[in-house]
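Working through the structure, step by step
Below, each chain spelled out in residue letters.
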Amino acid sequence: MSRRHPAAREHRSSLPARLERRNALFQQWQSLLSNRTKRSRSGEMIIQGVRPITLAIAHGVEIRALLSDGRAQPSRWARDLLEDPPGPVVELAPELMAELGEREDGAPELLALAAVPSDALDRLTPTDTAVVVVFDRPSGPGNIGSLARSADALGAEALLITGHSADAWDPAAIRASTGSIFALPVLRVPSHREVLDWLGTRRALGEPWTVLGLDEAGGHELSAEDLSGPTLVVIGNETVGMSAGWREACDVVAEIPIGGSASSLNAAVAGSIALYEIRRQRRSTRHG
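Residues numbered from 1 in each chain as written. Predicted model: local features only at pLDDT ≥ 70, side-chain atom pairs only at ≥ 80, totals over all residues. Heavy atoms only, no water.

Residues of helix H4 (residues 50–58) that are buried: Pro52, Ile53, Leu55, Ala56 and Ile57. Contact partners of the buried residues in H4: strand S2 (44–47), strand S3 (63–68), helix H5 (76–83), strand S5 (110–115) and helix H8 (171–177). Positioned one or two residues after H4, Gly60 has a phi angle of 80°, which is positive. (Buried < 20%, exposed > 50% of the residue type's maximum accessible area, 1.4 Å probe, protein only. Helix = DSSP H or I, 4+ residues; strand = E, 2+ residues; numbered from the N terminus. Contact = heavy atoms within 4.5 Å.)

Below, the structure written as structure tokens:
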């Protein structure tokens, strides 16, 4: 059965079968690598790398076009995708593929032009022990990708990016996530208010959510908190921490004890430790 999305069939007619020069279409695709505004306006992104492309397709991301370098002997992975493509295939000259792949060691076999997923909070369908991660105003796309990778690995059900922040669909974020950014809902939300409204509807259904903030001087040690119920974990900006709005919304602000000469932990690392602690507590409860 073909994976081809109906929208991809509609998009096919506007795309060339081969692209050999830096025309307006190529420049449009190239702008998606570095221009957040262009990504937002077009609703499209470029996905680089075998694992990110594979996971994007596996998790139902709409592929608007599969870009190929047209090599005579593709790998088995590329050959399988080209035989049953998830969208229209456009063959690019190798030097153009190398530019879009941001590689100096030659052209990648495939790249994907994909639709940016919806940011609607109704995409979230939490379980009764859900863990949802909030990253408040992150400044680095690499940290977003790293936290998405940990969230995927450690059982979180969603990652919400709030406030003025780096873009989750920046190629650097996608690369840092090694594709995990497509394995769970990752939503960009204007502020804490929209998330708290959503949380209020969940609590009105009787769900006992805890809002747990992380801070280097939280006053409560993370491991001492009961994190067995549905939990919203809030990680603040790498430099200034949580916003006042998030801090006020927290039921508890916890710290991760550290030593050595470091003044603080990297934000994505702190989030990963919190996710591990939640997972540890829940496994201990089940096995106890």
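Structure's up, so let's keep going.
For the rest of this paragraph, the subject is a nonpolar patch on the surface. Residues Ile258, Leu265, Val269 and Ile273 make up a contiguous nonpolar surface patch of about 270 Å² in total accessible area. By secondary structure assignment, the location of Ile258 is in the loop between strand S12 (252–255) and helix H11 (267–287). (Patch = residues over 30% accessible without salt bridge, like charges linked within 9 Å, V, L, I, M, F, W, Y side chains within 5 Å. Areas by Shrake-Rupley, 256 points an atom, 1.4 Å probe, with all protein chains shown as cover. Salt bridge = Lys/Arg side-chain N within 4 Å of Asp/Glu carboxyl O.)

With that settled, consider the nonpolar core. In this structure, Met45, Ile47, Ile181 and Phe182 are the most contacted members of the largest nonpolar core, which totals 48 residues. If one sorts the elements of this core by residue count, H11 sits on top with 6 residues. Shared between two domains, this core takes at least three residues from each, and those domains are domain 1 (18–115) and domain 2 (121–286). Not counting residues up to four positions away in its chain, the partners in contact with Ile47 are Pro52, Ile53, Ala56, Leu111, Ala112, Ala114, Ile174 and Phe182. Formed by 21 residues, the second largest nonpolar core is a distinct cluster that contains Val132, Leu160, Trp198 and Leu232. (Core = buried A, V, L, I, M, F, W, Y, C linked by side-chain atoms within 4.5 Å. Domains from an automatic or database assignment.)

Looking at the secondary structure, you find Arg64 in strand S3. Take Arg64: its relative accessible area is 18%, and that puts it in the buried class.

This next bit is on the sheet that holds strand S9 (residues 210–214). As summarised here, the arrangement of the 7 strands in space is S8-S7-S6-S11-S9-S12-S10, forming an open sheet in which the pairing is parallel. If you trace the sheet from one side to the other, it starts and ends with strand S8 (186–189) and strand S10 (220–221), each paired once. Where S9 lies against strand S11 (residues 231–235), 4 bridges are found, and the strand directions are parallel. Bridge pairing in S11 links Val211 to Leu232. Of the strands in this sheet, strand S7 (158–162), S8, S9 and S11 touch helix H9 (residues 192–204), which is tilted by about 145° from S9. (Pairing = 2+ DSSP bridges. Axes fitted to C-alpha atoms, helices over the stretch in contact; angles between N-to-C directions.)

Geometric values such as these leave the question of function open.
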